[in-house]
Amino acid sequence: MAERRNMEIIEQHQTILLVMALVFGLYMTWGIGANDVANAMGTSVGSGAISIRQAIVLAAIMELCGAYLAGGKVADTISKGILNGGRFESTPELLVFGMIGALLAAGIWLMLASMRGWPVSATHAIVGAVCGAGLAALGVDAVQWGMLGEIVASWFVSPVLGGLVSLVLTLSIRRLILNRADPIGQARKWGPMYAFLVGWIVSLITVSKGLKHVDLDLGVVDGQVLSILIGLLLAVAAWLMMRRIRLDDCADRAFHYASVERLFIPQMVFTCAALAFAHGSNDVANGIGPMAEVIQIIETRAVLAESAVTPFMLFIGGAGLVAGLATYGYKVIATLGYKITALTPTRAYCATVAASFVTVAASGLGLPVSTTHIAVGAVMGVGIVRGIGALDLRVIGGIVLSWFITVPVAALLGALIFHLLRVVFS
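Because the structure is predicted, anything quoted here is derived from the model rather than measured.

Student: What am I meant to see in the overall build of the chain here?
Tutor: Counting its secondary structure elements, the chain contains 17 helices and zero strands. With 426 residues in all, the chain has 56% of them scored as buried. The contacts of the chain with a sequence gap of at least 6 include a subset with a gap of at least 24, amounting to 86%.

Student: Before we go on, may I ask you to explain the packing of helix α6 (residues 92-116) against helix α17 (residues 393-425) in this structure?
Tutor: A packed helix pair is summarised by two numbers, namely the angle formed by the two axes and the spacing between the axes. Where α6 meets α17, the closest approach of the two axes is 7 Å, and the angle between their N-to-C directions is 135°. Relative to α17, the element α6 is oriented oblique. Between α6 and α17 lies a crossing of right-handed hand. Contacts between α6 and α17 pair L94, F97, G98, I100, G101, L104, A105, I108 and W109 from the former with S402, I405, T406, V409, A410, L413, G414, I417, F418, L421, R422 and F425 from the latter. Along the lines of polarity and charge, the residues of the contact of α6 with α17 split into 15 nonpolar, five polar and one charged.

Student: What should I look at first to understand the confidence of the model for the chain in this one?
Tutor: Do not read the fine detail of predicted coordinates wherever pLDDT is low. For the chain, per-residue confidence averages 82 on the pLDDT scale, and residues scoring 70 or more make up 85% of the total. Confidence, read as mean pLDDT per element, is least for helix α5 (residues 76-80) in the chain (52) and greatest for α17 (92).

Student: Mind showing me how you'd approach the side chain of H124 here?
Tutor: Summarising the element assignment, H124 is placed in helix α7 (residues 122-138). Residue class for H124 comes out buried when judged on its relative accessible area of 5%. Residue contacts for H124: discarding those within four places in its chain leaves I151, S154, W155, S370, H373, T406 and V407.

Student: Sorry, what's going on with the side chain of Q186 here?
Tutor: With respect to the secondary-structure elements, Q186 resides in helix α9 (residues 183-210). Residues contacting Q186, with those up to four places away along its chain left out, are L176, I177, R180 and G191.

Student: Would you take a moment to explain the packing of aromatic side chains for this structure?
Tutor: The description of two aromatic rings rests on the distance between their centres and on the angle between their planes. Per the stated rule, a full pass over the model turns up 10 aromatic pairs. On the numbers, 5.7 Å between centres and 80° between planes, the contact of W30 with Y328 is edge-to-face. A residue pair is termed long-range when its members are at least 10 positions apart, and W30 in helix α2 (residues 14-35) and Y328 in helix α14 (residues 311-339) qualify at 298 residues. When the centroid spacing of 5.9 Å and the interplanar angle of 70° are considered together, the rings of F156 and F404 count as edge-to-face. Here the residue F156 occupies a position in helix α8 (residues 145-178), and F404 occupies one in helix α17, the gap between them amounting to 248 residues.

Student: Looking at this structure, I do not really get a nonpolar patch on the surface. What am I missing?
Tutor: A contiguous nonpolar patch, built from V220, V221, V225, I228, L229 and L232 and spanning about 560 Å² of accessible area, is present on the exposed surface. Mapped onto the fold, V220 is located in helix α10 (residues 219-243). For V220, a relative accessible area of 75% puts it in the exposed group.

Student: What is the right way to read the nonpolar core from this model?
Tutor: Side chains that are nonpolar tend, in soluble globular proteins, to be buried together. Counting 61 residues, the largest nonpolar core has L83, V96, F97, I100 and I126 as the members making the most contacts within it. Every element with two or more residues in this core is listed here: α1 (2-12), α2, α6, α7, α8, α13 (285-300), α14 and α17. Sorting elements by how many residues they give to this core places α6 first, with 14 residues. Sequence-distant contacts of L83, that is, excluding residues within four places in its chain, are made with F88, L95, M99, V130, C131, G134, A142, V143 and Q144. Among the nonpolar cores identified, the runner-up in size contains 56 residues, and V37, V45, A351 and V379 belong to it.

Student: Looking at this structure, I do not really get the packing of α2 against α6. What am I missing?
Tutor: At their nearest, the axes of α2 and α6 sit 8 Å apart, and the two run at 30° to each other. Classified by the angle their axes make, α2 and α6 are roughly parallel. The chirality of how α2 crosses α6 is left-handed. Only V96, F97, I100, L103, L104, A106, G107, I108, L110, M111, A113 and S114 of α6 make contact with α2, whose side of the interface consists of L17, M20, A21, F24, G25, Y27, M28, W30, G31, I32, A34 and N35. The residue inventory of the contact of α2 with α6, partitioned by class, reads 19 nonpolar, five polar and no charged.

Student: Whenever I open this one, the environment of L26 confuses me. Can you help?
Tutor: As for its placement among the helices and strands, L26 is situated in helix α2. On the basis of relative accessible area, L26 is assigned to the partly exposed category, the value being 39%. If sequence neighbours within four positions are ignored, L26 has contacts with I316 and G320.

Student: Sorry if this is basic, but what is going on with helix α16 (residues 371-384) here?
Tutor: One turn of the α-helix equals 3.6 residues, which is why residues spaced by three or four share an orientation. Taking 1.5 Å of rise per residue, 14 residues should cover 20 Å, and α16 covers 20 Å from first to last C-alpha, within 8% of that figure. Judged by how many residues are buried, α16 sits mostly within the fold: 11 of 14 residues are covered. Among the residues making up α16, those that are buried are T372, H373, I374, A375, V376, G377, A378, V379, G381, V382 and G383.

Rules of the game
- Residues numbered from 1 in each chain as written.
- Predicted model: local features only at pLDDT ≥ 70, side-chain atom pairs only at ≥ 80, totals over all residues.
- Heavy atoms only, no water.
- Helix = DSSP H or I, 4+ residues; strand = E, 2+ residues; numbered from the N terminus.
- Buried < 20%, exposed > 50% of the residue type's maximum accessible area, 1.4 Å probe, protein only.
- Contact = heavy atoms within 4.5 Å.
- Axes fitted to C-alpha atoms, helices over the stretch in contact; angles between N-to-C directions.
- Parallel < 35°, antiparallel > 145°, perpendicular 65-115°, else oblique.
- Left-handed = near helix turned anticlockwise from the far one by under 90°.
- Nonpolar A, V, L, I, M, F, W, Y, C, P; charged D, E, K, R; others polar.
- pLDDT = per-residue confidence, 0-100.
- Phe/Tyr/Trp six-rings, centres within 6.5 Å; stacked < 30°, edge-to-face > 60°.
- Patch = residues over 30% accessible without salt bridge, like charges linked within 9 Å, V, L, I, M, F, W, Y side chains within 5 Å.
- Areas by Shrake-Rupley, 256 points an atom, 1.4 Å probe, with all protein chains shown as cover.
- Salt bridge = Lys/Arg side-chain N within 4 Å of Asp/Glu carboxyl O.
- Core = buried A, V, L, I, M, F, W, Y, C linked by side-chain atoms within 4.5 Å.
- Expected span 1.5 Å × (residues − 1).

So, in structure tokens, the structure goes:
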């Protein structure tokens, strides 16, 4: 009798529940576009490699392509991996209310964080919101608590790893190129190696995080070979480009430094484009995962093991990413690119490649890390090379605080909205 009543709730309100899932899913992906895209674009804009307008256009194209072409098989982690689906089999309407509430709660928090210019983790926001809704629905047994343990670990692991790698890269460029008697000559010598790093690392992250969700499965060996080949091609291109630079022996060192910085601009553009594609393919799941779960329950009247993600859902997710980026994305991009520390193309190169490298390495090792936290830590790493005074500690303090409150705030919002939906529709 109770199960029949549960089905009647879904049948009676299926149209409005479906509309709410679509609208709130779009709102959540809007929040992702407004906040998380700064991971790929912030350093490039801050270094002057591209303008904010160019970054928005480039990211819009690559994020939409990544979401639509390669984002279809990554939603199950969000919709199935956080809550214990078996606990909701007899009460599917509670899971529907929970997922809709989680989308709205996470979207609200991402909007608030973006308005403040705080680069927070969209994944942490949706995980916290889903956990809060699950707790409100069925108590502690509804939540897979291992996921929260990984999030807590990532608060500490991610920025430290990103900062250490970017610090090492920055010191290497200083020692090998900038602090030498002939910076341009040394750039010609070592520049292809740094270009190879860009091609190799960014190709790895694109293959591992941007293409694994489509039927094109290159495998570990094939993916590594392809990444190395792309790295070599980029190294050759950098070598040819550097040969064209005319060295003026009478020019001052400021001219030499400026010439070296310009050499890293093309690498930055390539890097941020590829990272935007990989980001779109993965983070769109934070919005459409719960949305797909709701739609599936409404259509099948059951809680199934896998969620079916359609091209239409992917298009909604991609459109939301682009809309969020175009409207509020500049605020978080400005924080990452300008407010933490002053960036040049070489410093931005170090931060971006470090974030990419740590993301790939952590994924391969199974470490619980946040890409957002890695990117912020990497920017801090390049600033530390010039001393603590080069960092805006007030801005950093606000960012760190936003990290720690993301999960509890999203969880509280998710629980409140769940109870509201339950009262309205039950």
